[in-house]
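Breakdown of the fold
Each chain, written out:
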Amino acid sequence: MPQPRPSTLIAELSYQCPLHCPYCSNPLHIGAETYRRELESEHWIRAFREARGLGVLQLALTGGEPMLRRDLVDLCEGARDAGLYSSLITAGTLFTPDRAEALKSAGLDHVQISIQSPDAEENDHIAGNRSFEKKIAAARLAKELDFPLTINCVLHRQNLDRIEELLDLALDLGAQRLELANTQYYGWAVPNQEALMPSWEQLRRGEEAVQRFRERVGPKVHVLWVLPDFYEELPKPCMGGWGATALVVAPNGDVLPCHAASTIPGLQFANIREHPLEWIWSESDAFAHFRGTDWMQEPCRTCPLGRQEVDWGGCRCQALRLTGDAAATDPVCRFSAHHDRVVAARESAQTSEFVYRTAKRPVRA
Amino acid sequence: MTRPRLVTGARLQFDDVREEHVLLVPEGVVRLNPTAAEVLELCDGERSLDDIVGALAARYDGADLGDDVRGLVGAMAEKGLVVDAAA
């Protein structure tokens with residue numbers, strides 16, 4: 001099989017963040033010493049150039065909170081000079097007029113602002129700080145500066161019933177895109193799984209609301225809605241396949257095939273301080289490990305639906321977490337011997353207290 | 001569609017790694033054939049559809065690309081990638 005070319009670089013600039021969302025995709029050990037040694041500007045700018053050479057076109061500047069990087073304007077200039085289309089994925093609380101204008105001048109292409117709920121009080125409860133009004137101001141500012149605007153909301157048991165308000169808010173803010181991201185259970189969502197898991201009834205009503213909105217509003221607002229994994233019978237092609245479309249660079253320069261790959265024991269992650277990105281993509285252990293189909297076990301190996309190159313075996317991190325083996329079939333799949341564990345997780349949903357994201361104290365996974 | 005333009009934030013670019021034209025949009029890449037790229041370059045919010053067809057006819061010995069242009073611009077508008085500057 002010819003080597004695939006990546007199209008996306010996900011740059012996790014910093015794991016620091018003023019918010020404490022209980023489903024954050026960052027690792028549980030964000031407070032660890034290794035992540036405090038953040039990359040210098042020149043490392044990132046070199047990585048952007050090397051990424052373009054590999055075929056990358058889309059750059060996500062994310063975190064934590066990317067606005068906490070003081071060199072963000074320089075990084076946007078670096079992305080523009082490299083020929084990348086840059087997106088800022090921000091909580092919005094630090095997106096002030098001076099900084100926003102500087103980012104616009106530096107060539108930032110697109111702004112994505114997260115909202116935890118369309119209700120101010122609920123937003124602030126989920127985020128673990130007062131942030132709703134600042135987010136709304138940030139969204140209006142992005143529009144004033146003629147940035148294309150995406151609103152992102154992670155959906156779960158405690159906000160799914162407000163989906164109609166959320167759709168109307170996105171329309172009111174002039175968003176071109178609305179990402180309705182049903183929670184994926186890695187990072188901080190793992191210790192919060194029971195508090196976050198929605199019911200089938202909530203999802204059904206949500207999907208119907210999205211359908212009605214699409215018919216009413218048309219292509220002016222592009223709504224992304226994907227049924228969460230735990231309510232599927234067949235797995236999704238996680239990251240478009242391992243080492244197939246994207247690279248994730250952690251704040252310390254480790255390069256990962258997905259956000260959560262650091263949870264898989266035994267994988268060696270090469271660092272961009274020490275290796276060219278091209279080598280990391282093509283040769284390094286972590287990217288080669290689950291690339292393609294050779295690593296697959298049964299039932300993937302003889303998939304009765306022939307989906308090996310459709311879903312690529314699903315999510316490795318989910319397989320590890322639910323079966324203890326990262327090379328197992330994703331138990332979302334109805335052919336997995338462990339599918340009952342996914343069914344059990346749906347049924348264990350209950351309203352309980354959040355474990356908030358923090359860098360300060362250790363958390364039991 | 002009176003005067004088509006690319007939606008805010010969309011950018012035409014030549015990908016010199018894959019050697020093809022692309023339309024870059026928020027978190028997406030639309031691969032384009034050379035003709036589609038040429039049409040979209042003319043969607044500047046100033047020209048009408050007839051102006052675009054006329055400009056292409058002038059370039060290609062009077063060839064009538066009217067149906068192709070309307071088909072392409074219509075399909076891009078359905079996806080929200082081209083909007084009407086007059087709207």
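Here the structure is shown first, and the text comes after it.
An account of the accompanying structure is given in this report. (Residues numbered from 1 in each chain as written. Chains lettered and ligands numbered in written order. Predicted model: local features only at pLDDT ≥ 70, side-chain atom pairs only at ≥ 80, totals over all residues.)

Details of the sheet that holds strand S1 (residues 8–12) of chain A
Residues and elements named next belong to chain A. Strand order across the open sheet formed by 9 strands is S7-S6-S5-S4-S3-S2-S1-S8-S9, with mixed pairing between neighbours. For this open sheet the edge positions go to strand S7 (222–225) and strand S9 (255–256), each flanked by a neighbour on one side alone. The pairing of strand S3 (residues 85–90) with strand S4 (residues 110–114) spans 4 bridges and is parallel. Within S4, the position partnered with threonine 90 by the bridge is isoleucine 113. Lying over the sheet, helix H9 (residues 200–217) contacts strand S5 (149–155), strand S6 (177–182) and S7, oriented at roughly 160° with respect to S7. (Pairing = 2+ DSSP bridges. Helix = DSSP H or I, 4+ residues; strand = E, 2+ residues; numbered from the N terminus. Contact = placed C-beta atoms within 7 Å. Axes fitted to C-alpha atoms, helices over the stretch in contact; angles between N-to-C directions.)

Here we look at the interface of chain B and chain A
Contacts between the two partners involve 16 residues from chain B and, on the opposite side, 19 residues from chain A. The set of elements that each furnish at least two residues to the side of chain B that touches chain A consists of strand S2 (11–15) and strand S3 (20–25) of chain B. At 3 residues, S2 of chain B tops the list of elements feeding residues into the side of chain B that touches chain A. Looking at side-chain class alone, the side of chain B that touches chain A contains 6 nonpolar, 4 polar and 6 charged residues. (Nonpolar A, V, L, I, M, F, W, Y, C, P; charged D, E, K, R; others polar.)

Description of the sheet that holds S2 of chain B
All names here are of chain B. An order of S2-S3-S4 is seen for the 3 strands of this open sheet, with the pairing classed as antiparallel. Edge positions in the sheet fall to S2 and strand S4 (28–32), since each of these pairs with one other strand and no more. In this sheet, adjacent strand axes meet at a mean angle of 35° when their direction is disregarded. With 5 bridges joining them, S3 and S4 adopt antiparallel strand pairing. Looking at the pairing, histidine 21 lines up with leucine 32 of S4.

The quantities given are spatial measurements derived from coordinates; they are silent on function.
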